[in-house]
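Here's the letter readout for the chains.
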Amino acid sequence: MKSGKNSDKYIQELEEKIIDLSLKLKSKTNEIKAADETTSKILSKLTHNLKNPVGVIFSFSEMMLEDLADYSTEKLEKHLQIIKNSATFSLALLDTISKYSRVQSPNFILKCQSINYVELINRLISEFKLDASKKNIGLEIEIPANEIFLTLDEAEITQALRIVLNNALRYSNENSTITIKVKALKNTVETTITDQGMGISDTDLPHIFEEFFVVNTYSADKQKCVGLGLAIAQKIIALHKGEISAKSILEKGTSFKITLPLTSV
């Protein structure tokens, strides 16, 4: 009788292990399927967005080779600039896709250390001022004078912050203002970046962190957008156990809030 009970128990344990393994296998299968779908989506978007600029490069190069003897300096300069702009966009797109794929990889690991966040923000603002001045955009800055040390991957969090700052600049009108505030709370540090640009509708706002979601195909300065910047920024901030959110009023502007923990990642 005892032997029978032990046998039943063994069979039950074996069944439970099989069920557990089946669930784990299903979970991994779903992860692989999701990764395959993401890869397929990336390749599709990459092909779609590269087709036009590569076509422009080919067409103008072919035209120049056929009529090179008849080209004036002015016409040559104009067509070379078109080729350069298309090549620049293509390279930037490939770089963005590479960054997105890297942070999405399950093998991606942050290289964190203790960083003076106030110093990092001030350095970013110094870089940002020149680009802002080109559009005659003023900056209002509210940053604590004291040091705030956070455990961060400096390169990655700088990239995330730069994405949000560049978005604010790209979608701002000339002669407007961008406000940058940093506030230390009990357990977190909040960074708010607010512009007075074109804004985002209530319909589009919930989707702005989705990959390849584009509110406006072209920014205020006529740069084409592919909809990966904010997805990259959100992933980097999430890896730091932080959060990013946005509020916006159409034709009035947008405000992004980045919250990072004071504790270690």
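Before reading on, note that the structure itself is shown above.
About the criteria used
Residues numbered from 1 in each chain as written. Predicted model: local features only at pLDDT ≥ 70, side-chain atom pairs only at ≥ 80, totals over all residues. Heavy atoms only, no water. Helix = DSSP H or I, 4+ residues; strand = E, 2+ residues; numbered from the N terminus. Expected span 1.5 Å × (residues − 1). Buried < 20%, exposed > 50% of the residue type's maximum accessible area, 1.4 Å probe, protein only. Patch = residues over 30% accessible without salt bridge, like charges linked within 9 Å, V, L, I, M, F, W, Y side chains within 5 Å. Areas by Shrake-Rupley, 256 points an atom, 1.4 Å probe, with all protein chains shown as cover. Salt bridge = Lys/Arg side-chain N within 4 Å of Asp/Glu carboxyl O. Lys, Arg positive; Asp, Glu negative; His and termini not counted. Charge placed at Lys NZ, Arg CZ, Asp CG, Glu CD. Axes fitted to C-alpha atoms, helices over the stretch in contact; angles between N-to-C directions. Left-handed = near helix turned anticlockwise from the far one by under 90°. Contact = heavy atoms within 4.5 Å. Nonpolar A, V, L, I, M, F, W, Y, C, P; charged D, E, K, R; others polar. Pairing = 2+ DSSP bridges.

What to know about helix α2 (residues 73–104)
Its 32 residues give α2 an end-to-end C-alpha distance of 46 Å, which sits within 8% of 46 Å, the value for a rise of 1.5 Å per residue. Those residues of α2 not exposed but buried are His79, Ile83, Ser86, Phe89, Ser90, Leu93, Ile97, Tyr100 and Val103.

Looking at a negative patch on the surface
Side chains of Glu62, Glu66, Asp67 and Asp70 sit close together on the surface and give a patch of like negative charge. On the secondary structure map, Asp67 appears in helix α1 (residues 2–67). For Asp67, a relative accessible area of 32% corresponds to the partly exposed category.

Some thoughts on the packing of helix α4 (residues 154–170) against helix α5 (residues 229–239)
Closest axis-to-axis distance for the α4/α5 pair is 9 Å, and the angle between their directions is 145°. Relative to α5, α4 is oriented so that their crossing is left-handed. Residue-level inspection shows Glu156, Ile157, Gln159, Ala160, Ile163, Val164 and Asn167 of α4 in contact with α5, the latter providing Gly229, Leu230, Ile232, Ala233, Ile236 and Ile237. When its residues are assigned to classes, the contact of α4 with α5 shows 9 nonpolar, 3 polar and 1 charged.

Some points on the pairing of strand β4 (residues 177–184)
Relative to β4, strand β2 (residues 138–142) runs parallel, the two sharing 5 bridges. Residue Ile141 lies in a different strand from β4, and its bridge partner there is Ile180. In this sheet, strand β5 (residues 188–194) lies alongside β4 in antiparallel orientation, the contact comprising 6 bridges. Looking at the pairing, Thr179 lines up with Thr194 of β5. Where β4 folds back on β5, the antiparallel hairpin that results is connected by 3 residues.

Remember, this is a structural readout, not a statement about activity or role.
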